[in-house]
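Observations on the three-dimensional arrangement
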Amino acid sequence: MPHTAAQAPPVPARPTTATPPRPGAGFRPDIEGLRAVALLAVLGFHASVPHLAGGYVGVDVFFVVSGYLITSLLLREALATGRIALGEFFARRARRLLPSAALVLVAVVPLGLWLVAPLRRTDLDHDVLAAALSVSNWRFVDEQTDYLAAGRDPSPLLHFWSLAVEEQFYLVWAPLVALVVLVAARRPRPARLVLLAMTAAATAGSFLLCLSWSRSSVSLAYLGTPSRAWQFGVGALLALLPWRRLKGPGPLRALCGWAGAAAIGWACLRYDAATPYPGTAALLPTLGTAAVILAGAPDRDGTPHGPRYGVGRLLARRGPRAVGRLSYNLYLWHWPVLVLAEARFGPLGWPVKAALTLAAALPAAAATRWVERPLRNSAVVTELPRRGLSLGVSSIVIPVVLALVAGTGTLHLLGTGGPVSLAGLPPGATTGTALLRHDPGAPLSGPVVPDPVQARNSFPPDRDCETAPAATVSPADCVFGDTAGAHRIVLLGDSHAGQWFSTLLGVAAQRHWALQELVKQGCPLPRLTVTNPQLGRTYTECDSWRASTLAALRSGPRPELIVIASLNDYTADRTALAAAWEQTLAPLRATGAPIVYVKDTPVPGADIPACVSAHPADPGACAFPRAKALLPDPLADAVAAGREPGVRMIDLDPVLCPGTGPDCPAVRDRILLYRDGAHLTDVAAVVLTARVGRLLAAVLDPAPAPAAAATPAAPTAPAAGRGWTVLFRDDFDGPAGAKPSAALWREDTGTCYPGCPAAAWGTGEVETMTGSTANVRLDGRGSLEIRPTRSADGAWSSGRIESRRADLAAPPGGVLRIEASIQLPDLTGPAAAGYWPAFWALGGALRDGWTGWPGVGEWDVMESANGRPSVFGTLHCGVARGGPCREPQGLGSGEQPCPGCGQGFHSYAVEVDRSVSPEQVRWYLDGREYHRVTAAGIDPAVWSRAVDHGMFLVLDLAVGGGLPEALGGSPGPATLPGHPLRVGWVTAEQRGG
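Residues numbered from 1 in each chain as written. Predicted model: local features only at pLDDT ≥ 70, side-chain atom pairs only at ≥ 80, totals over all residues. Heavy atoms only, no water.

What to know about the overall build of the protein
Counting its secondary structure elements, the protein contains 31 helices and 32 strands. Projecting the C-alpha coordinates of the protein onto the three principal axes gives extents of approximately 120 × 65 × 50 Å. Computed over 85 positive and 78 negative side-chain charges, the inter-centroid distance for the protein is 16 Å. (Helix = DSSP H or I, 4+ residues; strand = E, 2+ residues; numbered from the N terminus. Lys, Arg positive; Asp, Glu negative; His and termini not counted. Charge placed at Lys NZ, Arg CZ, Asp CG, Glu CD.)

As structure tokens, this is what we get:
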């Protein structure tokens, strides 16, 4: 959530007289102009005008002005009559303020029905009720201190919080002053001294409370009446002190006024959303306002606005005063105009917002002309106080009744949001990209589940175990499931970890284990120090919680599994984020427990349930941009590349945001995925339980390899980085023993290409490629196996697949990246003699008759042979013998060390870069470039024919042939069959062009 000052717009103070102000009645024209300055600062801030990020300090100006004017009014009445007529006082306030406010509320209700999503209307109806009853500030305190409510669109009535603060000030201050005057009877001087002492004490106490709340809850400090009362108190002190007796030299008073104005201006220009506010920062605009008021205090001769060269003279000019007179109604109207416009058209730039703010002057002027002034000056209304009070009551009752009627209609439209039922829906899919298990050719139909009202409240049922921002230790009782047993899974992270509570509770229940939840709201699991928006300061509680939690895990009983997750958007510095993760992973590794990282889910950045409520027949309208929702993830990249020992990864993006289109869906297979703008619904988490359970089984129940060593699970493919477009992707999800997707791959069988242009695949291999699942199959744990077999008569068989797509190319001026996560066959020495695993690409033109090699181009992304701990990367081009690529060897990298490549997954990639001159082809192992070939020195036509066109991908495990023989190996009696090449994922992406 943004800084509270940005969420809680200030409201101007209002005139405090029942009749048009007159100089003889204590009227201060400079203060009327001061209102204009403060209002313009506030409007500029709301319109996002550059360099006015601190314009929210205008609220401080208005509070000081209100305190001064109201106290002055009450004091003059006490001095003149010896008492204060509270009925008349509140009647003036009612007829001056409440009808204009009621008009805005009455207008917002039907506009909300037209422009606001149905789910947001329920919030708006509650906002109308709170605004009409002058308790808006406490409603927004409750909402803004609720971490789980963060991220919703702002209310069109958010600005009513400060009207509520002022009304509450009037309700307390006026009777308190009247009581002091009554007790002092007709002795106004003692009464004044009592009021002065009382005001000073209350002001000091409120300021201390403001400082305390600013440290513990910035929303409460910003919006709470007790923490704002000191600013009214500063104004009241100005009214109570006998400034007339302290005339002072003119230059000094002028300097005081200009210094105060400069303080207000400096705060407007230099403060921003990162400024801790209110706290001590609020002293600057508050005391600055006091200085301006003091500089314009009337002299003994009655001069009303200070020295002729003082700031008061400027503020008392016709222009500022005209804006000041309009300030109340303009403020009332401008914020609903801005919010409702963005609800209809989406985010707006500051010039448009500034124009809309200016346009709001039209209804504001109309309300002033035809509502405020006639009612304020009506002889009928002003004749008796009860008539003014009756008008005020009517101004409260009418919006309340309208909100209740509108709310009833909204409730009827949306329903009551009862318990969620999954009856009639198929179970969650465990493989593929579908969310639910059903026939892809028969899409599911029916209403979304949960419905938008249910989705808004679809939280994990974890008994409030997500540690609140102010706490530093997780609750001790946050262990669920079979708590009597010795086995447990630990769920660790922030609320993006907490969203997986139901999923992991289901996994734990299947094994009769316990689940321990260690989750803290808004606290990054990587070791980053951040600012918490609810606390409004550095989130030291997060650092303390993280340190104590990691220490407890390290010293306590070893869990069976630690599942970690965290929002991936706490910092834009990817390098810092990667380093922060390392500082967290080190103590987790020390526990000895397996670690699984659940890659961060897409972040819509918008109120998804509200959007779906507005498009019940077309939830596709609520899709959100993939590029913004899937952020770069350095930990995911490192795990996928095998650079994080002891850490596995689960990536659910292929289910939550499938395909390669520009958008991610809000609803899949009738399941509404998000409860807000960042978190999954608990229903979505439940549906994903079976899939996550299958993926975790690779960690919890590792299948033994032939050599009795644990076979690592295939890491999940990383999401496309920023600026990359996915052309091709396969994560090899599917049941054990199934063939790879026929929509993506085709099988090569036999010993040569169609038409047999070259026997033994042109390389001297001895195997026969088959379509049998004995040679090519999915392992059921997210990887492909290509396994060589040998018959009783010594004949070898193996597998080879090609991508159906043959158009994978780098765009002109762009880059193509082909990458795979591969574990080489896990055997060495004589047992591996003749093994030749490879991942490569061939020119698409080869399929036109299967001739033209090597001129059509061949990019060997990865080759290895004979179980050696090494790999090769090679470019083939030109002619079959000699030529620019020195065929048949090609332009190779030479043998590159790759220790451990048979024991774990590593990433192999090639990039074709047409954005540089000369063009390049680069080879990578685990993200490290180890080979490069450039177009320099190669005939442009030869280079273009080999590189600048579409390619298809090939995965195979050959037996025998040229490369094994060149490295001194060939298949023999000692060569062991059955050791597979395992492929975790394959991607092809392009960028630029």
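Brief notes about the pairing of strand E8 (residues 595-598)
Taking every second residue as pointing to the same face, both faces of E8 are buried, with Ile595 and Tyr597 on one and Val596 and Val598 on the other. When E8 meets strand E10 (residues 647-650), the two strands line up parallel, connected through four bridges. Following the sheet pairing, Val596 is matched in E10 by Arg648. (Buried < 20%, exposed > 50% of the residue type's maximum accessible area, 1.4 Å probe, protein only. Pairing = 2+ DSSP bridges.)

Considerations on the pattern of salt bridges
According to the stated counting rule, one finds 39 salt bridges in the structure shown. Residues Glu32 and Arg321 are paired through a salt bridge, measuring 3.0 Å at the closest nitrogen-oxygen approach. You can see Glu32 sitting in helix H2 (residues 29-46) and its partner Arg321 sitting in helix H14 (residues 318-345), a full 289 residues away along the chain. The partner of Arg546 in a salt bridge is Asp543, with the nearest N and O atoms 3.3 Å apart. Placement of both Arg546 and Asp543 in helix H22 (residues 540-555) is noted, with a separation of three residues, approximately one turn of the helix. The exposure class of Asp543 is partly exposed, given its relative accessible area of 23%. When salt bridges with common partners are traced through the structure, they connect Arg777, Asp779, Glu785, Arg787 and Arg982 into a single cluster. (Salt bridge = Lys/Arg side-chain N within 4 Å of Asp/Glu carboxyl O.)

Thoughts on the state of the cysteines
For the structure shown, the criterion picks out six disulfides. Two residues, Cys611 and Cys622, share a disulfide whose sulfurs are 2.1 Å apart. Disulfide Cys611-Cys622: torsion about the S-S bond near -100°, hence left-handed. Here Cys611 is found in helix H24 (residues 608-614), whereas its partner Cys622 is found in the loop between H24 and strand E9 (624-625), with 11 residues between them in sequence. According to the relative accessible area criterion, Cys622 is buried, its value standing at 4%. A disulfide bridge connects Cys657 with Cys664, and the sulfur atoms are separated by 2.0 Å. Handedness here is read from the sign of the S-S torsion; for Cys657 and Cys664, about -80°, the answer is left-handed. For the pair Cys657 and Cys664, one class covers both residues: buried. Just so you know, Cys210 is unpaired, no disulfide at all, and the nearest cysteine sulfur is the one on Cys268, 18 Å from it. The buried category is assigned to Cys210, whose relative accessible area is 0%. Of all cysteine sulfurs, the one in Cys268 lies closest to Cys256, which takes part in no disulfide; the gap is 18 Å. (Disulfide = S-S within 2.5 Å.)

Observations concerning the pairing of strand E32 (residues 981-992)
Extensive coverage of E32 is indicated by the burial of nine of its 12 residues. The pairing of strand E14 (residues 724-730) with E32 spans six bridges and is classified as antiparallel. Considered in E32, the bridge of Phe728 is made with Ala988. With three bridges connecting them, strand E18 (residues 784-786) and E32 associate as antiparallel partners. Within E32, the position partnered with Leu784 by the bridge is Val983. As paired strands, strand E22 (residues 814-823) and E32 are joined by 10 bridges and run antiparallel to one another. By the bridge assignment for E32, Arg817 is matched with Glu989.

Points about helix H7 (residues 160-183)
Relative to the 34 Å expected for 24 residues at 1.5 Å per residue, H7 spans 35 Å between its end C-alpha atoms, a close match to the ideal helical length. With respect to burial, H7 is a largely interior element, 17 of its 24 residues being buried. (Expected span 1.5 Å × (residues − 1).)

A short note on the sheet that holds strand E20 (residues 796-798)
Ordered by their spatial adjacency, three strands build an open sheet running E16-E20-E19, and the pairing between neighbours is mixed. Where the open sheet ends on each side, the last strands, each with one partner, are strand E16 (768-769) and strand E19 (789-790). Alignment of E19 against E20, held across two bridges, turns out to be antiparallel. The partner of Thr789 across the bridge, within E20, is Ser797.

Digging into the nonpolar core
One recurring pattern in soluble globular proteins: nonpolar side chains tend to sit buried together. In terms of nonpolar packing, the biggest core is built from 100 residues, with Leu34, Leu74, Phe160, Trp161, Tyr277, Ile293 and Trp333 touching the most fellow members. Top element by residues in this core is helix H3 (residues 58-81). It accounts for 13 residues. Excluding residues that lie within four positions of it along the chain, Leu34 makes contacts with Val61, Val65, Ile264, Thr289, Val292, Ile293 and Leu315. (Core = buried A, V, L, I, M, F, W, Y, C linked by side-chain atoms within 4.5 Å. Contact = heavy atoms within 4.5 Å.)

Considering the confidence of the model for the protein
The predicted model of the protein has a mean per-residue pLDDT of 87, with 92% of residues at 70 or higher. Low pLDDT, under 50, characterises residues 1-25; the predicted model gives this stretch 90 contacts beyond four residues in sequence or across chains. Note on residues 703-714: pLDDT is under 50 here. Beyond four places in sequence and across chains, it has 25 contacts. (pLDDT = per-residue confidence, 0-100.)

Points about the packing of helix H5 (residues 118-132) against helix H6 (residues 136-144)
Between H5 and H6, the least distance of the axes is 8 Å, while the angle of their chain directions is 140°. With respect to their mutual orientation, H5 and H6 come out oblique. Taken together, the residues of H6 that come into contact with H5 (itself represented by Asp123, His126, Asp127, Ala130 and Ala131) are Ser136, Arg139 and Phe140. (Axes fitted to C-alpha atoms, helices over the stretch in contact; angles between N-to-C directions. Parallel < 35°, antiparallel > 145°, perpendicular 65-115°, else oblique.)

A closer look at the environment of Leu34
Structurally, the position occupied by Leu34 is in helix H2. Judged by its relative accessible area of 4%, Leu34 falls in the buried class. A C-alpha to C-alpha distance of 8.9 Å links Leu34 and Ile293, two positions 259 residues apart in sequence.

A word on the environment of Leu492
By the secondary structure assignment, Leu492 is in strand E3 (residues 488-493). The sequence separation of Leu492 and Tyr597 amounts to 105 residues, and the corresponding C-alpha distance is 9.9 Å. Here Leu492 is in contact with Ala497, Leu518, Leu525, Trp545, Thr549, Leu550, Leu553, Ile562, Val563, Ile564, Ala565 and Leu588, once residues within four sequence places are set aside.

Section: the UniProt feature "transmembrane region" (unreviewed entry) in the protein
With numbering matched to this structure, UniProt assigns "transmembrane region" (unreviewed entry) to residues 53-75, 96-117, 168-186 and 193-214. Helix makes up 91% of residues 96-117 and strand 0%. Its end C-alpha atoms lie 33 Å apart. The distance from the first to the last C-alpha atom of residues 193-214 is 31 Å, and the span holds 100% helix and 0% strand. (UniProt positions renumbered as here; feature names shortened; annotations may be inferred.)

Quick word on unusual backbone geometry
Backbone torsion omega between Glu887 and Pro888 reads 10°, so that peptide bond is classified as cis. Mapped onto the secondary structure, Pro888 falls in the loop between strand E25 (870-876) and strand E26 (891-892). Of note, the amide linkage connecting Ser917 to Pro918 takes the cis form, showing an omega dihedral of 0°. By secondary structure assignment, the location of Pro918 is in the loop between strand E28 (906-913) and strand E29 (920-925). Within the chain, His51 stands out as a residue other than glycine whose phi angle is a positive 75°. With respect to the secondary-structure elements, His51 resides in the loop between H2 and H3. One non-glycine residue with positive phi stands out, namely Arg670, at about 75°.

Quick notes on the packing of helix H10 (residues 225-240) against helix H12 (residues 283-295)
Contact geometry for H10 and H12: axes closest at 10 Å, N-to-C directions at 20°. When the axes of H10 and H12 are compared, the pair comes out roughly parallel. The two elements H10 and H12 meet at a crossing, and its hand is right-handed. Between H10, through Trp230, Gln231, Val234 and Leu238, and H12, the contact on the second element is made entirely by Leu283, Thr286, Ala290, Ile293 and Leu294. Looking at the contact of H10 with H12 residue by residue, the classes come out as seven nonpolar, two polar and no charged. (Left-handed = near helix turned anticlockwise from the far one by under 90°. Nonpolar A, V, L, I, M, F, W, Y, C, P; charged D, E, K, R; others polar.)

Examining the packing of aromatic side chains
Within this structure, the stated rule accounts for 20 aromatic pairs. Ring centres of Trp581 and Tyr597 lie 5.5 Å apart, and the angle between their planes is 65°; this geometry places the pair in the edge-to-face category. Of the two residues, Trp581 is situated in helix H23 (residues 574-589) and Tyr597 in strand E8; the sequence distance between them amounts to 16 residues. The ring of Tyr222 carries Arg228 above its face, with NZ or CZ at 4.5 Å from the centroid. The ring of Phe952 carries the charged tip of Arg847 above its face, separated from the ring centre by 4.1 Å. (Phe/Tyr/Trp six-rings, centres within 6.5 Å; stacked < 30°, edge-to-face > 60°. Lys NZ or Arg CZ within 6 Å of the ring centre and 35° of its normal.)

Things to note about a nonpolar patch on the surface
On the surface, Val393, Val397, Val401 and Val405 cluster together to form a nonpolar patch covering roughly 330 Å² of accessible area. Structurally, the position occupied by Val405 is in helix H18 (residues 385-414). You can call Val405 exposed: its relative accessible area is 55%. (Patch = residues over 30% accessible without salt bridge, like charges linked within 9 Å, V, L, I, M, F, W, Y side chains within 5 Å. Areas by Shrake-Rupley, 256 points an atom, 1.4 Å probe, with all protein chains shown as cover.)

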